[in-house]
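# Descriptive analysis of the structure
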Amino acid sequence: MKKRIFLLLCAMCVSVFCLTSCGKNKVAENNAYTVDELKEIQISIDTWNLNIKASSDEKAHISFDGNISDGDVKPTVLLQDGILVIVQKHDEEMQDQIALGKKGQATLYLPIHCTIPIVVNNGIGDIETDGISATELQVLNNAGYMTISNLSAENLKISSASGDIAVKNSDINSVSIVTTSGYVQLSNTTFSGSEIVTKSGEINMSGISSDTNINLQTDSGDINLTYQAAPANLSFSVSSGSDDVTARFNGAAYDKETTSCKEGKIGEGQNKLEIKSDNGTVVVK
């Protein structure tokens, strides 16, 4: 019996090794472009992780590091008419093998003054950006985690099916995030307006300027908002279907004040705060 168990374990190990190693081809590639060549960047990543960060020189660099299966095509980079297109695709039949193995890595380095639109269509890999600028960063995400740090942009637009989203220490004029499932966090980020909608997931905003417009909605999930300083010029409507609203508004004139809804105005009410959770706790400090 022991011998049979041992042989079975050996067979399982061999099977896993074959799934994760057999038929794999190493990809290690680097490409460089001058900033003057670029008008827009379009990225389509199926399964690999994506990292976009500041370049150490005046050029844009794209590198690939990972393995592809026999059924996959090699990641490609194409520059045409000022549009840099980066593509990594996989064979859908190899999905189980990808889950067992280590994901590849695509890395894009951009000079800080390279301010152009960036569009990302992401599959199941994680996304990290740090220290970059863009006129607009637009992400269509299927099932990956996103961490955006030190971003300077006019617009940030994210549409996500699942995966947590974190935006940190950034300066963005307009923020729009829509997610079906995932935790959304904004911290120490400056913006003039934001709209965040989640079907299932929490929203947590901290270190937020009081001189801004905010619209937050969740079907199911808690909402927490912490201002840097108490608002002095705000029109607000905060509600929760679970009758659990905690909001501190100094000097507010209330039109409605219950455990499920707080509406009113501070000062002239030029800035707007709208929060609605169908089923979740809402806290505003």
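Residues numbered from 1 in each chain as written. Predicted model: local features only at pLDDT ≥ 70, side-chain atom pairs only at ≥ 80, totals over all residues. Heavy atoms only, no water.

## Considerations on the pattern of salt bridges
With the rule as written, the count across this model stands at three salt bridges. The shortest N-O distance in the salt bridge between Lys157 and Glu136 comes to 3.6 Å. Here Lys157 is found in strand β12 (residues 152-162), whereas its partner Glu136 is found in strand β10 (residues 133-143), with 21 residues between them in sequence. Exposure remark for Lys157: the relative accessible area of 39% places this residue in the partly exposed category. The buried category is assigned to Glu136, whose relative accessible area is 18%. (Salt bridge = Lys/Arg side-chain N within 4 Å of Asp/Glu carboxyl O. Helix = DSSP H or I, 4+ residues; strand = E, 2+ residues; numbered from the N terminus. Buried < 20%, exposed > 50% of the residue type's maximum accessible area, 1.4 Å probe, protein only.)

## Quick look at the packing of aromatic side chains
Considering all chains together, one arrives at three aromatic pairs under this definition. A ring pair is formed by Trp48 and Phe64, whose centres lie 6.3 Å apart and whose planes are at 65 degrees; its orientation type is edge-to-face. With Trp48 in the loop between β2 (40-45) and β3 (49-54) and Phe64 in strand β4 (residues 59-69), this pair connects stretches of sequence that are 16 residues apart. Arranged with centres 3.9 Å apart and planes meeting at 15 degrees, the rings of Phe236 and Phe249 form a pair that is stacked. One end of the pair, Phe236, is in strand β20 (residues 234-240); the other, Phe249, is in the loop between β21 (245-247) and β22 (253-257), with 13 residues separating them in the sequence. Residue class for Phe236 comes out buried when judged on its relative accessible area of 3%. (Phe/Tyr/Trp six-rings, centres within 6.5 Å; stacked < 30°, edge-to-face > 60°.)

Structural measurements only, silent on function.
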